[in-house]
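Commentary on secondary and tertiary structure
Residue strings, one per chain:
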Amino acid sequence: MSASDDAKFMSLALREAERGLYTAHPNPRVGCVLVKDNEIIGKGFHLQTGHGHAEANALQEAGGDAAGATAYVTLEPCSFKGRTPSCADALIKAGVVRVVYAMEDPHTENRGLGFTKLRNAGLQVDGPILEQSARALNPGHIRKFETKMPYVRLKMAMSLDGKTALKNGSSQWITGPEARRDVQRLRAKSSAIVTGVQTVIDDNPSLSVRQDEIDVEFPQLASEVDRQIVVLDPEKRIPLTSKLLSNPNLLLVTLNDPKNTAHLSAEQVQLAADGNRRIDLSALLRELAKRDCNEVLFECGATLAGSLVSNQLVDEFIIYIAPKLMGHTSLSLLKMGEIVLMDEVPELDITDIRQIGSDIRISAKAQRKF
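Our subject in this report is the structure included herewith. What you see is a predicted model; the values in this text were computed from it and never measured. (Residues numbered from 1 in each chain as written. Predicted model: local features only at pLDDT ≥ 70, side-chain atom pairs only at ≥ 80, totals over all residues. Heavy atoms only, no water.)

**Brief notes about the overall build of the chain**
Under the convention used in this document: The numbering of helices and of strands both runs from the N terminus, where a helix is a DSSP run of H or I of at least 4 residues and a strand a run of E of at least 2. The size measure is the radius of gyration over C-alpha atoms, and the globule rule it meets is 2.2 Å times the number of residues to the 0.38 power. Per-residue accessibility, obtained with a 1.4 Å probe over protein chains only, is compared with the maximum for each type, and a residue is labelled buried under 20%, exposed over 50%, and partly exposed between these values. The Shrake-Rupley method, run with a 1.4 Å probe sphere, supplies the accessible areas, and residue values consider only the shown protein chains as cover. The charge count includes Lys and Arg as positive and Asp and Glu as negative, but it does not include His or the ends of the chains. For the purpose of locating charges, the reference atoms are NZ of Lys, CZ of Arg, CG of Asp and CD of Glu.
Scanning the chain for helices and strands turns up 11 helices and 16 strands. A compact globule built from 370 residues should have a C-alpha radius of gyration of about 21 Å, and the chain, at 23 Å, falls within 12% of that. The principal-axis extents of the C-alpha atoms in the chain amount to approximately 70 × 45 × 45 Å. When each of the 370 residues of the chain is scored for burial, the buried share is 49%. Counting every atom, the chain has about 17,500 Å² of accessible surface; 48% of that belongs to carbon and sulfur. Taken together, the 44 basic and 47 acidic charged side chains of the chain have centroids lying 3 Å from each other.

What follows is the structure, encoded as structure tokens:
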């Protein structure tokens, strides 16, 4: 195979992996393409946890033709048996002779071991190829095993004059229906959705992924994934009428003993306070990573959003801008501490700008530490 052929088939494997974007977590999104005599004989991707991995699904499609084939995989094949058998063993048993990979698996139980198993069995292993594209598919999987923290997205919506709610707290709806459907995709990509109790009090959100509002390949599966819904409620103020209390995946995060919420059925966890007697957000994120919440979406108010930014905990900003003007008495996008030097102003790299219905969506990443 030429280098251009390898890149072409790896691109197809990456496209396969994308099919599990909204359903595979907490497992990584992985794709596999089997090629023999320059023809594709099998394709596969990981749809959801507990089901077949990409390599196993591609091998099943190829059948006996897999002997002598080259496998293009977007992530290092697993070397150990978990809920499903080892993919490295399956490739060896099928008679695959060459494996081309996009990236090494950062998983502490697999890193490099899948490649070692393949090479020890006599297979040729080449890569990485299109590594950055593969890493972009699984930012949370990578972040968790490299730093023991999840990948954090902060979603915000504002008017053209930078306001998020009226003075009385009213904020539904700043953006239009197309933007709200777009948020469904953000939720579906996430293992956990986090908000503050004041947002629950003001808006009574459900924070759900709704099958009829998400335009993806497997909408029902995407809506049925068990996503952790997290409410930061240090003083245990969540209303008994909150829609979230009926969600079995709700997690209430408090500072004190939960004696005043014994009547609530939701799971509760107590975390340490930061210097401002608020919940320590770094401790929260470490806790979520332990719970296999690899990609975390914050949909919250200005105070919590400001704390995330001030503590340099946001990996990606998703900002929706509505063509509205709400006036100087309305509430601003972020509540942060005073910044007195321009050198200390947070800078972002804008990675995407596009129109969603009547609104504008900006995606950005932190440019540097601040």
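**Focus on the sheet that holds strand β6 (residues 151-159)**
For the record, the criterion: When DSSP finds two or more bridges between a pair of strands, those strands are recorded as paired. As a rule, the C-alpha atoms of each element are fitted with a line to give its axis, helices using only the stretch in contact, and angles between N-to-C directions run from 0 to 180 degrees.
Taken in spatial order, the 9 strands make up an open sheet running β11-β10-β9-β8-β12-β6-β13-β16-β15, and their pairing is mixed. Taken across any chain shown, the strands that pair with only one partner, and hence form the sheet edges, are β11 (267-270) and β15 (348-356). Sheet twist, expressed as the average angle between the axes of neighbouring strands with direction ignored, equals 20°. Sheet topology places β6 next to strand β13 (residues 316-322); 7 bridges connect them, and they run parallel.

**Some remarks on the nonpolar core**
Where a protein is soluble and globular, its nonpolar side chains tend to be buried together. Convention followed: What we call a nonpolar core is a set of buried Ala, Val, Leu, Ile, Met, Phe, Trp, Tyr and Cys residues that are connected through their side-chain atoms within 4.5 Å.
Counting residues in each nonpolar core, the largest one holds 42 residues, and the members touching the most others are Met10, Leu34, Tyr72, Val96 and Val99. Of all elements in the fold, only α1 (3-18), β1 (31-36), α2 (54-62), β3 (70-73), α3 (87-94), β4 (98-101), α4 (113-120) and α5 (131-137) reach the threshold of two or more residues within this core. At 5 residues, the largest contribution of residues to this core is made by α1. With 35 residues, the next largest nonpolar core counts Leu154, Val253, Leu281 and Ile362 among its residues.

**Thoughts on the pairing of strand β9 (residues 228-232)**
Two faces, one strand: in a regular strand the side chains alternate between the faces of the sheet. With 5 of 5 residues buried, β9 is to be regarded as a mostly interior element. When strand β8 (residues 192-196) meets β9, the two strands line up parallel, connected through 5 bridges. Bridge assignment links Ala192 to a residue of β9, and that residue is Gln228. Two strands pair when backbone bridges link them, and β9 and strand β10 (residues 250-254) are joined in this way by 4 bridges, in the parallel orientation. Its bridge partner being in β10, Ile229 is matched across the sheet by Leu250.

**Comments concerning the sheet that holds β3**
Applied cut-off: In this analysis, two residues are considered to be in contact whenever any of their non-hydrogen atoms come within 4.5 Å of each other.
The 5 strands lie next to each other as β2-β1-β3-β4-β5, forming an open sheet whose pairing is mixed. Since the sheet does not close on itself, it has two edges, and those belong to β2 (39-45) and β5 (124-126), each with one partner. The sheet shows a mean angle of 15° between the axes of neighbouring strands, direction not considered. The pairing of β3 with β4 spans 4 bridges and is parallel. Counted as the bridge partner of Val73 is Tyr101 from β4. The sheet strands contacting α2 are β1, β2 and β3, and the helix crosses β2 at an angle near 140°.

**Description of the packing of α3 against α4**
We count it as follows: In this scheme, roughly parallel covers angles under 35 degrees and roughly antiparallel covers those over 145, while 65 to 115 is roughly perpendicular and the rest are oblique. Each crossing gets its handedness from the near helix: less than a right angle anticlockwise from the far helix is left-handed, clockwise is right-handed.
Two elements in contact, α3 and α4, have axes separated by 9 Å at closest approach and are oriented at 20°. The angle between α3 and α4 places the two elements in the roughly parallel class. In the crossing of α3 with α4, the sense of the turn from one axis to the other is right-handed. Counting all contacts with α3, which are made through Ala88, Asp89, Leu91 and Ile92, the residues of α4 involved are Gly114, Lys117 and Leu118.

**What about the pattern of salt bridges?**
Here is the rule: In what follows, salt bridge is the name for a side-chain nitrogen of Lys or Arg lying within 4 Å of a carboxyl oxygen of Asp or Glu.
Scanning the model with the defined rule gives 19 salt bridges in all. For Glu316, the salt bridge goes to Arg153, with nearest N and O atoms at 3.1 Å. Remark: Arg153 occurs in strand β6 and Glu316 occurs in strand β13; sequence separation between them is 163 residues. For Arg153, a relative accessible area of 4% translates into the label buried.

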